[in-house]
Amino acid sequence: MNHTLLSVSIALLFAIGTFMILRKDMIKVVIGLTILSHATNLLIVSAGAFLGWRTPIIINEGTGNSSGIIFTDDLANGILAPIIPEGTEVVFVDPLVQALTLTAIVISLATTAFLLILCYRVYQEHGTTDVSEIRRLKG
Amino acid sequence: MDSMQHVPIILVALPMVFAAITVLFRSKSGLQKALNIGVFAGLFVMSFSLLLDVWNNGIIVYEVGEWGKYGILLVADLLGAGMVVLSSLISLMAMIYATDYMDRKALDATFFPLFNLMAAGLNGIFLTGDIFNMFVFFEVLVLSSCGLIVLTGRGDHTKMADKLEAIFKYLILNMVSIILMLVAIASLYATVGTLNMADIAVKIAYLAETGTLPWHIHVIAMMLIVVFGYKAALFPLHFWLADVHPSAPAPIHAMLSGMVIKVGVYGILRVHYLIFHESMFMLQPVLILLSLVTITVGATSAVGQYDLKRLLAYSSVSQIGYVLLGVGMGTAYALTAAMVYLVNHAIAKSMLFLATGETLYHAGTKDIRKMGGLVQSAPFLSIIFLIGAMSIAGLPPTGGFFAKLVLFDAGLGAEYYIPIGIALVFAIFTLFYLFRTWLSIFWGEVKEHDKEDAFKTRNPTIAIKISLALLACVVIFLGIYPEPLIVLSSTIAEQLLDPQPYIAAVLERSVR
């Protein structure tokens, strides 16, 4: 069920983003690109999805085939960070996808900032944000 | 040998470090020029020694952080190292040219940092062994090239409004293509659980062997063809190039048309020939068809242009079609031909663009119809332009002759008679539009006599002459003695078709 919801919401985000980048207003195009990049980020994260039984990095009790004692920070025993104790075996969520998403988020932040500045400069030079009116160059 | 070990990371890191350092010296113009030319000369020497080392001792793998195949690897094989040598040569020449060509204001403020970042992005793409890392370097390349397109040079007649419009198109389309690439990478990662290209290749080969290859691998291969086809300006995705490239100042135009569109070809050669062997049977006919349409559309559009920079941009579209035709045919000889063509086109086209920038400055207009008889006031430029045009059109004794010869020979050998026939017809188109352009610019009557005095002051400076003359020497050298290039290309083609050495070199690593 979780899986279906995740897939449907990613698909919806892609649809909205695609719709938005086909608009005529430059700012809407930029918003559409942002939505598209977030849909992509969700898609990457979904590659390491919970599937209902895989353990995320931090959880108090495991379910399914996990042992239940992992990922707890236990101050009394001197465990400060949620780390798997030695000798425990557990199926956990791939953490690499989150690193990938972070990289992708940072890159899309930079490009979005650049794009917004660019839109402002285009508006200054052309006096409009309507894409269909900005066509001095003929492709 | 031991000091050679770190060359791949230096090739990426050095320009990145200098991108930051050159910001500090923005008030000292002379120092900055000398420093940057020194850095790019150093990069060229290092990349050349890397290529020699790879040629003699096999593939060099550099582990960033010593995490084995789980971390990011820089892999210098013959294809990657060869592309780095090509990009270092062109960026060194563009840098020498730019020190005199670019406006003082642009040069001091943003040119050097962004140009360094662009070189870092190019070297990173050519050397990385990790497909996500490739995506990151694509972004570095795109953003730095956007910043470089707005800068102005002395022969640059493009208005700022037009430049911004061109960048807006370029950036939006690039973002969409890069999002598509990210989707493809995410799907690939979800399927095989690794981002290392050699590792992906092993796992997909294993899946194909056991007959459990999921069908969406083919979809991913097609998505990546779209992404790289966009970078390389393949036919339905070529429309941005004629707007964006002519808006850039000449040295950046040379880099964009010389190297940045070759990145797409490199991507197809690296990713598809390494990973997607199983999908190539259906992608190759598509590539051949699309590259033929690209040749046709590019050549016919170029014939109708009177704006010199746009004409050459459409010529780039047409020429990249020839390279992708070789890539699409996919035999060892055809891949050799594609590599030879790629190198020749990169050098000749960037030389032609550098010469064009100077010609436009000299003539004071970008309309071919308003130029004429420039051979009297600019004999040097006319010779350089002629050599470039001869190489692009494929006339001996320039490198372009051998590129076309090998490509057509490979096509006939592989029995692709109709595609080669079409390509030959449009090679004649190339000859026609380039020589018509050369004749109308440099021969004929001198137009606009009242400006003749201005011509005497607008002459190429010594730095510009040096870079153009060196590139012309390389073009002639490749035409007179093409043996080393052809041998190198055929070895690259063999390695592409049999990626086992690449995979072995990457995967036989001890993990910390």
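Here, the structure is the one placed above.
This is a predicted model, so every value here is computed, not measured. (Residues numbered from 1 in each chain as written. Chains lettered and ligands numbered in written order. Predicted model: local features only at pLDDT ≥ 70, side-chain atom pairs only at ≥ 80, totals over all residues.)

Take the overall build of chain A next. Looking only at helices and strands, one finds 3 helices and 0 strands in chain A. Secondary structure elements of chain A, listed N to C terminal, follow the sequence α-α-α. Residues classed as buried in chain A amount to 22% of the 139 residues present. (Helix = DSSP H or I, 4+ residues; strand = E, 2+ residues; numbered from the N terminus. Buried ≥ 20, exposed ≤ 12 C-beta atoms within 10 Å, placed from the backbone.)

Scanning chain B from terminus to terminus reveals 22 helices and 2 strands. In terms of overall dimensions, chain B has C-alpha extents of about 75 × 55 × 40 Å along its principal axes. For chain B, restricting intrachain contacts to residue pairs at least 6 apart in sequence, the fraction spanning at least 24 positions comes to 81%. (Contact = placed C-beta atoms within 7 Å.)

This part takes up the nonpolar core. Ranked by size, the top nonpolar core spans 223 residues in total, and within it B:I90, B:I167, B:I185 and B:M351 carry the most contacts. Of all the elements, helix α14 (residues 332-363) of chain B adds the most residues to this core, at 20 residues. (Core = buried A, V, L, I, M, F, W, Y, C linked by C-beta atoms within 7 Å.)

As a further point, take helix α6 (residues 160-192) of chain B. Residue and element names in this part refer to chain B. The terminal C-alpha atoms of α6 lie 47 Å apart, and with 33 residues this matches the ideal 48 Å at 1.5 Å per residue to within 8%. With 24 of 33 residues buried, α6 is to be regarded as a mostly interior element. Count one or two residues on from α6 and you reach G193, which has phi positive near 70°. (Expected span 1.5 Å × (residues − 1).)

Now for unusual backbone geometry. Note on backbone geometry: most residues besides glycine have negative phi, and most peptide bonds are trans. Residues and elements named next belong to chain B. Going from P396 to P397, the amide bond is cis rather than trans, its omega being 5°. You can see P397 is positioned in the loop between α16 (379-393) and α17 (399-413). Of note in the backbone geometry, A233 takes a positive phi value of approximately 60° without being a glycine. Following the sequence through the fold, A233 ends up in the loop between α8 (216-232) and α9 (241-247). One non-glycine residue, E415, lies in positive phi territory at about 65°. Secondary-structure assignment places E415 in the loop between α17 and α18 (417-442).

A separate point is the pairing of strand β2 (residues 72-76) of chain B. Residue and element names in this part refer to chain B. Counting buried residues in β2 gives 4 out of 5 residues, a clear majority hidden from the surface. In the sheet, strand β1 (residues 60-64) pairs with β2 via 5 bridges, with the strands oriented antiparallel. The residue bridging Y62 from the neighbouring strand is L74, located in β2. (Pairing = 2+ DSSP bridges.)

Counting from both sides, the interface comprises 26 residues of chain A and, opposite them, 25 residues of chain B. If you list the elements that add at least two residues to the side of chain A that touches chain B, you get α2 (26-46) and α3 (96-126) of chain A. Per-element accounting of the side of chain A that touches chain B gives the leading share, 13 residues, to α3(A). Looking at the side of chain A that touches chain B residue by residue, the class counts come to 17 nonpolar, 6 polar and 3 charged. (Nonpolar A, V, L, I, M, F, W, Y, C, P; charged D, E, K, R; others polar.)

Residues and elements named next belong to chain B. Assignment of secondary structure puts M102 in the loop between α3 (78-101) and α4 (104-127). Separated by 404 residues in the primary sequence, M102 and V506 have C-alpha atoms spaced 42 Å apart. Leaving out residues up to four positions away in the same chain, M102 has contacts with L107, F111, L151, G153 and P249.

Attention now goes to the environment of B:S257. All names here are of chain B. One can find S257 in helix α10 (residues 250-260). Exposure remark for S257: the 30 C-beta atoms within 10 Å place this residue in the buried category. C-alpha separation for the pair S257 and G121, spaced 136 residues apart in sequence, amounts to 16 Å. Ignoring any residue separated from it by four or fewer positions in sequence, one finds S257 in contact with H245, A313, S316, K349, S350 and F353.

All names here are of chain B. The N-to-C vectors of α17 and α18 enclose an angle of 155°; their axes lie 9 Å apart at closest approach. Classified by the interaxial angle, the pair formed by α17 and α18 is roughly antiparallel. Contact with α17, carried on its side by K404, F408, G411 and L412, involves P419, I420, L424 and A427 of α18 and no other residues of that element. Here the contact of α17 with α18 is composed, by residue class, of 6 nonpolar, 1 polar and 1 charged. (Axes fitted to C-alpha atoms, helices over the stretch in contact; angles between N-to-C directions. Parallel < 35°, antiparallel > 145°, perpendicular 65-115°, else oblique.)

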